[in-house]
Amino acid sequence: HELRTPLNAIIGYTEMLIEDGADLTGEEAEQDLGRILISSRHLLALVNDVLDLARIESGHEQLELERFHPKSLITELEQMVAPLAKQQQNQLIIENRYDGEVCLDQIKVKQILLNLLSNALKFTESGTVTLRFSPAMLAGTLHLEINVEDTGQGIAPEDLTHLFQPFVQSSSPSYAHKSGTGLGLAITKQYCEMMKGYIEVESTVGEGSRFTVLLPSAL
């Protein structure tokens, strides 16, 4: 269903442009092309998520370890989520309390951050989303702690139990108008576990949510 909906929109608007193209004004054609572009990007994101999950579950997803500073990801992340933050009229705050390098899969760490920030910004309106990097010690080993905290709708207790399962979305009516497959958090959890870490969430309906990721500083 999630794949068919944007694909049907792409086909439908394309057929309309072909059939009525000669009679459409430039503004009308531009609107239809804009809808095609939005649906195409949504479809591509869904396909990418499905392929990522398939690779993980088949055991073919590999880690590519490299040394990098977590703060080096900040500028790129800000640029990637800025349109969503603006659309929802949210303020994005990023705090870096972690000095030094980590040795992890940088692409997967970036995807974890992007998934969590996108969700937080999507389900928060005229509020605040905070991303924080901090050091943490676990069993005598230095870890990178990542917090993504929002002042959004919050998550109902009955939804928290299956939040990280693939293809599961919230049953709350207030979430019905939000697009997605529920794959982002499932992939995020898998990536955390691949890097010997974990993810947990605390949430209060009407007040917001806080996702915490803990990853060893070096694999």
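It should be noted that the structure appears before, not after, this text.
Residues numbered from 1 in each chain as written. Predicted model: local features only at pLDDT ≥ 70, side-chain atom pairs only at ≥ 80, totals over all residues. Heavy atoms only, no water.

A word on the overall build of the protein chain. Helices and strands together make up the secondary structure of the protein chain, namely six helices and seven strands. Taken along the three principal axes of its C-alpha coordinates, the protein chain extends 70 × 40 × 35 Å. Within the protein chain, the proportion of its 219 residues that are buried is 40%. Put simply, of all contacts in the protein chain between residues at least 6 apart along the chain, 70% involve residues at least 24 apart. By element, 53% of the accessible surface of the protein chain is carried by carbon and sulfur atoms, the whole surface being about 12100 Å². Measuring between centres, the 16 positive side-chain charges of the protein chain sit 6 Å from its 31 negative side-chain charges. (Helix = DSSP H or I, 4+ residues; strand = E, 2+ residues; numbered from the N terminus. Buried < 20%, exposed > 50% of the residue type's maximum accessible area, 1.4 Å probe, protein only. Contact = heavy atoms within 4.5 Å. Areas by Shrake-Rupley, 256 points an atom, 1.4 Å probe, with all protein chains shown as cover. Lys, Arg positive; Asp, Glu negative; His and termini not counted. Charge placed at Lys NZ, Arg CZ, Asp CG, Glu CD.)

Let's shift gears to the pattern of salt bridges. In total, this model carries 10 salt bridges according to the counting rule given. Residues Lys 108 and Glu 61 are paired through a salt bridge, measuring 2.9 Å at the closest nitrogen-oxygen approach. Here Lys 108, found in helix α4 (residues 106-122), pairs with Glu 61, found in the loop between α2 (26-58) and β1 (65-68); they are 47 residues apart in sequence, far enough to count as distant. The residues Lys 108 and Glu 61 share a single accessibility class, namely buried. Its salt-bridge partner being Glu 76, residue Lys 110 comes within 3.1 Å of it at the nearest N-O pair. Of this pair, Lys 110 sits in helix α4 while Glu 76 sits in helix α3 (residues 74-87), placing them 34 residues apart in sequence. Its relative accessible area of 34% is what places Glu 76 among the partly exposed residues. Each of the salt bridges in this network shares a partner with another, and the network as a whole consists of Asp 52, Arg 55, Glu 61, Asp 105 and Lys 108. (Salt bridge = Lys/Arg side-chain N within 4 Å of Asp/Glu carboxyl O.)

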